[in-house]
Amino acid sequence: MKILITGATGAIGKEIACLLASKGHDIILGCRSKKKGEILAEEIEFIYGKRPGIVIIDLSDASSVSRASNHLSGECLDAIINNAGVMNGKYILDGDGHEDTLNVNYHNTRLLTELLIDRINDGGAVVFTTSATRRWYPFQRLNDDIPESKFGRLKTYALSKKLITRYAAAIASDKDLQKRSIRINCADPGVVDTPMLSMGRWFDRLTDIFFRPFCLKPSTAAKTSVRALESPKSGYIFLSPLGKTRNKKKLDL
Ligand SMILES: NC(=O)c1ccc[n+]([C@@H]2O[C@H](COP(=O)([O-])OP(=O)(O)OC[C@H]3O[C@@H](n4cnc5c(N)ncnc54)[C@H](OP(=O)(O)O)[C@@H]3O)[C@@H](O)[C@H]2O)c1
């Protein structure tokens, strides 16, 4: 299968890329840094014997997403794993006045999917990466932008994950995609020991000692994304294993 992975140079993304390469898939690393992408591509080629493709995608910037889509115009994909994500501590706006965490985790992940979905082969799949924080917004009417006065690091991240999960649920019930047997699933990795857990605060050092050792490993989270990709089912959230909890459930709106 030919699979595009966004955020491929991140902690979980790299593990997803390696796992898929080890299964013999053709992978395309979606990266915002060409240098990091090339280092990872070299590493994967060295270990698995096949060099992955690289496409530069900066999800903070809609025009970069369009360029990435043009760059991939000759490619037929079998799947996309939308793994890239941020949890910004500061309120950052793009040139059009859209907040960055929402741009990366929702608006431009959605844009990328919409630009590429027609190029996914029938029987293919799209995976979105959600988070348990989406439950912060159980019933509220949701805005897909946030003013500075309402911004909060976790709160905005949670909103972005709620919106992308809701989007996944909506396209999972799209009749055209169902006719093409394109499966739409989410992966909820759980709490994973990655740079994303750092809050840039004084208590990070305590967290590193007392909390990180109990978090899941990025390789465990990667398996969850790959389960979501390989499942014959559509419209599910796949969860990282935590004791005897259920490992998948229907996508919630
Ligand atoms: N860690 C957790 O506990 C946890 C829990 C629930 C969900 N998640 C989700 O899991 C996914 C992977 O996160 P992670 O934990 O592996 O964190 P990470 O190591 O920080 O990886 C995040 C990835 O996203 C990429 N990224 C960030 N901003 C981007 C942008 N503007 N354009 C393109 N790519 C961008 C990063 O690129 P660079 O490599 O260039 O930095 C990196 O590759 C995210 O969607 C996250 O929300 C994580």
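(A) Layout of the site of the ligand. In the vicinity of the ligand lie 29 residues, with Thr 9, Leu 59, Asn 83, Tyr 157 and Thr 194 positioned nearest. A distance of 2.9 Å separates an oxygen atom of the ligand from a polar backbone atom of Gly 10. Asn 83 has a polar backbone atom sitting 2.7 Å from an oxygen atom of the ligand. If the ligand stood free it would expose 890 Å²; the protein chains cover 92% of that surface. Looking at the shell around the ligand, the elements that each hand over two or more residues are helix H1 (11-22) and helix H5 (153-172). Of the residues belonging to the shell around the ligand, the class tally is 14 nonpolar, eleven polar and four charged.

(B) Structural view of the pairing of strand S1 (residues 2-6). Most of S1 is tucked away: four of the five residues are buried. Note that S1 and strand S2 (residues 26-31) share five bridges and pair parallel. Note that in S2 the partner of Leu 4 across the bridge is Ile 28. Of the crossover connections in this fold, the one passing from S1 over H1 to the parallel S2 is right-handed.

(C) Spotlight on the pairing of strand S7 (residues 236-239). Taking every second residue as pointing to the same face, both faces of S7 are buried, with Tyr 236 and Phe 238 on one and Ile 237 and Leu 239 on the other. Pairing between strand S6 (residues 183-188) and S7: four bridges, direction parallel. In the sheet register, Ala 187 faces S7, and the bridge partner there is Phe 238. Bridge count for S7 against strand S8 (residues 248-250) is three bridges, and the pairing is antiparallel. Looking at S8, one finds that Ile 237 is bridged to Lys 249.

(D) Highlighting the environment of Cys 18. Following the sequence through the fold, Cys 18 ends up in helix H1. Separated by 138 residues in sequence, Cys 18 and Thr 156 place their C-alpha atoms 30 Å apart. Once you skip the residues sitting within four places of it in the chain, Cys 18 turns out to touch Ile 44 and Tyr 48.

(E) Representation of the environment of Ser 63. Mapped onto the fold, Ser 63 is located in helix H3 (residues 62-71). Taking the relative accessible area as the measure of exposure, Ser 63 reaches 37% and is therefore partly exposed. For the pair Ser 63 and Asn 108, spaced 45 residues apart in sequence, the C-alpha separation works out to 9.5 Å. Polar contacts involving the side chain of Ser 63 include one to the side chain of Asp 61, which spans 2.7 Å.

(F) Highlighting the packing of aromatic side chains. As enumerated under the stated definition, the model contains two aromatic pairs in all. Residues Tyr 91 and Phe 151 carry aromatic rings whose centres are separated by 5.5 Å and whose planes lie at 70° to one another, so their mutual orientation is edge-to-face. You can see Tyr 91 sitting in the loop between strand S4 (77-82) and helix H4 (100-116) and its partner Phe 151 sitting in the loop between strand S5 (120-129) and H5, a full 60 residues away along the chain. Classification of Tyr 91 by relative accessible area gives partly exposed; the value is 22%. Judged by its relative accessible area of 17%, Phe 151 is buried. Centroid distance Phe 128 to Tyr 167: 5.8 Å. Interplanar angle 85°. Geometry classified as edge-to-face. Separated by 39 residues along the polypeptide, Phe 128 in strand S5 and Tyr 167 in helix H5 bring together distant segments of the chain. On the basis of relative accessibility, which here comes to 0%, the residue Phe 128 falls in the buried class. By relative accessible area, which is 8% here, Tyr 167 ends up buried.

Calculation notes
Residues numbered from 1 in each chain as written. Predicted model: local features only at pLDDT ≥ 70, side-chain atom pairs only at ≥ 80, totals over all residues. Heavy atoms only, no water. Near = heavy atom within 4 Å. Polar contact = N/O pair within 3.5 Å; in protein donor to acceptor, adjacent residues only side chain to side chain. Areas by Shrake-Rupley, 256 points an atom, 1.4 Å probe, with all protein chains shown as cover. Helix = DSSP H or I, 4+ residues; strand = E, 2+ residues; numbered from the N terminus. Nonpolar A, V, L, I, M, F, W, Y, C, P; charged D, E, K, R; others polar. Buried < 20%, exposed > 50% of the residue type's maximum accessible area, 1.4 Å probe, protein only. Pairing = 2+ DSSP bridges. Right-handed = clockwise from strand over helix to strand, strands pointing away. Contact = heavy atoms within 4.5 Å. Phe/Tyr/Trp six-rings, centres within 6.5 Å; stacked < 30°, edge-to-face > 60°.

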